[in-house]
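Single-letter residue listing:
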Amino acid sequence: MSQLQLEDVRVTYGRGRSAVEVVRGVSLAVDPGTVLGLVGESGSGKSTLVRAAVGLVPLSGGRILFDGTPLDLRMSRAATRPFSMVFQDPYSSLNPRMRIGETIIETLAHGRASTRASREEEVARLLDLVGLEHVGPNALPAELSGGQRQRVALARALAGRPKVLIADEVTSALDVSVQGNVLNLLRELQAELGFSLVFISHNLAVVRYMSDTIAVMNKGRIVEEGPAQAIIDSPEHVYTAQLLEAVPRRMEGRVRPVGSAVSQPDTEEEVDT
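Scope of this entry: the structure provided in the associated data block.

About the criteria used
- Residues numbered from 1 in each chain as written.
- Predicted model: local features only at pLDDT ≥ 70, side-chain atom pairs only at ≥ 80, totals over all residues.
- Heavy atoms only, no water.
- Pairing = 2+ DSSP bridges.
- Helix = DSSP H or I, 4+ residues; strand = E, 2+ residues; numbered from the N terminus.
- Contact = heavy atoms within 4.5 Å.
- Axes fitted to C-alpha atoms, helices over the stretch in contact; angles between N-to-C directions.

The four strands are arranged E2-E1-E4-E5 in an open sheet whose pairing can be described as antiparallel. Sheet topology places strand E2 (20-30) and strand E5 (69-70) at the edges, where each strand pairs with a single neighbour. Across two bridges, the pairing between strand E4 (residues 61-66) and E5 is antiparallel. In the sheet register, Leu65 faces E5, and the bridge partner there is Pro70. The strands touched by helix H1 (residues 46-53) are strand E1 (4-13), E2 and E4; relative to E1, the strand with the most contacts, the crossing angle is about 115°.

As a further point, take the sheet that holds strand E3 (residues 35-39). The mixed open sheet is built from six strands, whose spatial order is E6-E7-E8-E3-E9-E10. Lying at the two open borders of the sheet, with one neighbouring strand each, are strand E6 (83-86) and strand E10 (221-227). Each neighbouring strand pair of the sheet contributes to a mean axis angle of 15°, computed without reference to strand direction. Bridge analysis of strand E7 (residues 164-168) against strand E8 (residues 196-201) gives five bridges, and the strand direction is parallel. Bridging across to E8, Asp168 finds its partner in Ile200. On top of the sheet, helix H4 (residues 146-158) reaches E6 and E7; it is set at about 170° to E6, its chief contact. Docked against the sheet, helix H8 (residues 238-245) engages E3, strand E9 (213-218) and E10, running at close to 105° with respect to E9.

Spelled out as C-alpha cells, the structure:
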C-alpha cells in the first residue's frame, strides 16, 4: 500500500496575457487505504486538480509522486498506472456502442486474464462486485439506468486493480433516489478492497459521510485541510464555514451509513439499480 502525493501542483490554461492559473500550488497527500474528500464549489479547481493528477491535464508546475517516486504522466498504457478515475456523467463516460463486458475488458490490468475464459470470469467477478451480476456482460449502456451505468464505470475503474481510485462528483448526475446506493457501494468497496480513495464533491454533507480527511479548495488553492470530523465541527476558514451553512438541513440523514437498513425502493430506477 502506497501514498499518493501532490507537490506544489499548478495548472494554467491559455498563454501569455490570456493565461489563467486555475490550480495554484496545491500540495496534498493521500495516505494508504484512506479516503480524502476534496470539496469546493463549482469553479474552485478541484476537478482540474485530479485530472492533472491522472495525466488528463498537463501540469504547468509541481509534480505527482507515488510511493515517493515521481510519476511519468505520459505513460500510454493506463493499466500500468497506480490509479483509476470514475467520472461525473455515466451517460458520456461509456462508449454507447460497446457492450459493458467489452468496456471492462479494455481496462483489465496488463498481463492478467490472458485467455478468453479468464477474461469472461474476471468480468463476471467485477459485475458481481458492483451489484450487476443480474445484468450480464452483453448489455449496452442504453439499456441501463443511470445508477447502473455508474456501477459499470466503477467496475471498469476497478478492472485495473488501482491503488488509488479517484471519484469525481460520481453521484451529481444521478437521480436522488439512487445516489445513496452508489455512495454506500463505493464506501463498501473501499473498505473491502483497501484502495485509497479521492472523493470529489461540492456537497460537504456527502463528503462528511465518505471521508477520513477533508481538503477544502477555493480559487485554485487548498484553504483548509484536516480530519473530517474536525473540519465539520470546527471549521477554521470562513469559506469552509460558508460551505457548511449552505448544506440543506433536509439532506441530513439522507445518505444511510454502510450496513444500515435500507427501505424498500419506491421508483423503478432504484429497483433497476
